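# Examining the three-dimensional arrangement
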Amino acid sequence: MKYWLGLALVGWASHAFAQSELDALRYSQLQFGGGARTLGIGGANVALGADVGNLSSNPAGLGLFQRSEVSFTPGFGVGNTSSALQGSGSLTDSRNSLHIGNVGLIFTNRRPDSDNTSDWRAGSFGIGVTRINDFNQNSVYSGTVGDQQSLFQRLREPRIDNQEIDDQYANNAYVDLDALAYGGYLNNLEGGNEVSTIPRNGPITQRESTLTTGSQSQYDFAYGASYRDKLYIGGAIGVVGTRYEMTRDFYETTSDVNVYLRDYLQTRGTGFNARIGAIYRATDRIRIGASVQTPTWFRLTDTYSTQLSSTFTPPRYIRDDAGQIVETINGGDAQTGSQQFSYSLTTPFRANGGVAILLGKYGFLTGDVEYVDYSQPRFRDNATANGTAPGYDYSSTNQYISDLYRSTVNLRFGGEARYEAFRFRLGYARYGDPYRANDFDRTQNYYTVGLGLRQQNFFLDIAGVYKSANNYYSPYVLNAGDQPVVSIDSNRFTTSLTIGTTF
């Protein structure tokens, strides 16, 4: 279960743990986005074209626009989780969010059919904002563990030596879990850098609640052109804004000792990428599309803190050599204070291919294939990149990312049926498990449905997207024994409404 290495309970308390393989995956696993039309067909628009969703998928699709267009897409998401600690019952939680899924503005310039002065028949410039990641989720679990799986077992396996623990305690400058536990009177320093934990009695109960909020939105600037209404090519530049917050509250209790840990993380930053694409009209009914997106280069800043509190019932006593009580200890408190660290992250490149089959006035069918290699993300300390300091060495983290993750193929399918001014849509998408080990299935599945109305200069679309996914993790890593494993079954239903006009 070493895949949880980067998110130890006090993972945000030092540079060595602040960024991990899970951070790399979080900002590399994206969801399809765009207007409600794109969402209703499972995001499968690489070969379809003439859709605002092409801004973030295949800019060549802008070359198929016949008229200029502006649209706005708000959305509302309802998310649910069911979490269980191994061997214990599950607990449910939920979180809802209101957001802007897409805003798009397309300016189209098309030559009249009678103008034969150039083979370039049309061109469109588009700007837009697309939500490409949603981090809103609540989860909670509770259960019992044995002593060899407990937090105290983790404390018996210190990651730093006793002198460093004592220095952090003496200076009230905590950056590691082992030192925080020492400040909370949970462990004792022995000879030879050995650590022992205080005695306690009764069953060991763990409870953890995690709240995550935020999203990633991509600001796109794209151009697509039509060559003889046969070949369409395009390019785009994307600027990605990232906003992520996590608050995790962990409790481990027995009949006489209660321990509480709180981790807080806030990540802010910006990245940029570029993409090119093409669509070829093989026949009047068949279109073939492809696009490639460069890696996204991020500059991110983490603000993080951890606090630990312990309570003893009854109190613990310190006695002198004569057995007299010299100090009564009801518990302890220690905290890192707010820490901040800036770094760079490069996420994988993406390649898309698609086919669309047009059914005339009856609608269309479309399908996409996307390739992403999740072993490619790389961290780098900004100080190293700027040459101002040696910085933190991410080589072991980057190697672990390469060993842990693999490439996957994501599939998206959709279709639209037409009846007069109405459009009826269905879609499905399957995003593969990014982990090399197959102990658990972490595949993400999307089921979509949509309805549209088209008038001469006005259109209205509504879409529903149901996402289901499973996740597995451990709240800390043990060198000896098996750490507890938590399973989270999550689902999210998002409703989006697009209002637009052509001009």
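See the structure printed just above.
Report follows, based on the coordinates. These figures come from a predicted structure and were not determined experimentally.

What follows concerns the overall build of the chain. Of the regular secondary structure elements, the chain holds eight helices and 21 strands. Dimensions along the principal axes, computed over C-alpha positions, put the chain at roughly 110 × 50 × 35 Å. Here the chain, with 503 residues, has 53% of them falling under the buried criterion. As presented, the chain carries roughly 21100 Å² of accessible surface, and 54% of it is formed by carbon and sulfur atoms. Side-chain charges of the chain comprise 42 positive and 47 negative groups, with the mean position of each set lying 14 Å from the other.

Right, let's talk about a nonpolar patch on the surface for a bit. Together, Val70, Phe107, Phe125, Tyr219, Phe221, Tyr223, Ile237, Val239, Phe272, Trp297 and Phe503 line one region of the surface with nonpolar side chains, adding up to about 1100 Å² of accessible area. Listing elements by their share of the nonpolar patch, those giving two or more residues are strand E7 (204-227) and strand E8 (231-253). Among the secondary structure elements, Phe125 is positioned in strand E3 (residues 120-134).

This part is about the pairing of strand E21 (residues 486-502). Where strand E1 (residues 69-85) and E21 come together, 15 bridges link them in antiparallel fashion. Within E21, the residue paired with Thr81 across the bridge is Ser490. Where strand E20 (residues 458-473) meets E21, 16 bridges bridge the pair, whose relative direction is antiparallel. Paired with Ala463 across the strands is Ser496, a residue of E21.

Turning our eyes to something else, we now look at helix H8 (residues 395-404). Turning to H8, its buried residues number three or more, namely Thr397, Asn398, Tyr400, Ile401, Ser402 and Leu404. Buried positions along H8 lie against helix H2 (21-26) and strand E16 (378-381).

Time to look at the side chain of Gln218. Along the chain, the position of Gln218 falls in strand E7. Under the relative-accessibility criterion, Gln218 is labelled buried at 3%. Within the local environment of Gln218, its side chain forms a polar contact with the side chain of Asn273, the two groups lying 3.2 Å apart. Excluding its chain neighbours within four sequence positions, the residues that come into contact with Gln218 are Ser56, Gly128, Val129, Thr130, Ile132, Gly238, Val239, Val240, Asn273, Arg275 and Gln293.

Rules behind the numbers
For every chain, the first residue of the written sequence is number 1, and numbering continues from 1 onward in sequence order. In keeping with the predicted nature of the model, local features appear solely for residues at pLDDT of at least 70, side-chain atom pairs appear and are counted solely at 80 or more, and the whole-chain, interface and lining totals rest on all residues. Excluded from the side-chain calculations are hydrogens and water; all other atoms, namely the structure's heavy atoms, are used. Each helix is a run of H or I in the DSSP string that is no shorter than four residues. Each strand is a run of E no shorter than two, and both are numbered from the N terminus. Type-normalised accessible area, obtained with a 1.4 Å probe on protein chains alone, sets the label of each residue: buried when under 20%, exposed when over 50%, and partly exposed for intermediate values. Only the protein chains shown count as covering a residue, and every accessible area follows the Shrake-Rupley method with a 1.4 Å probe. His is not counted, nor are the chain ends, whereas Lys and Arg count as positive and Asp and Glu as negative. Taken as the charge centre is NZ of Lys, CZ of Arg, CG of Asp or CD of Glu, depending on the residue. Patch membership needs two things, relative accessible area over 30% and no salt bridge, and members are linked within 9 Å if like-charged or within 5 Å if nonpolar (Val, Leu, Ile, Met, Phe, Trp, Tyr). Here, a salt bridge means any Lys or Arg side-chain nitrogen found within 4 Å of an Asp or Glu carboxyl oxygen. Strands were regarded as paired on the criterion that DSSP finds at least two bridges between them. Note on definitions: a residue-residue contact is assigned when non-hydrogen atoms from the two residues lie within 4.5 Å. Distance and chemistry together define a polar contact, namely a pair of N or O atoms within 3.5 Å, with one atom able to donate a hydrogen and the other to accept it when in protein, and with adjacent residues in sequence counting only for side-chain atoms on both sides.

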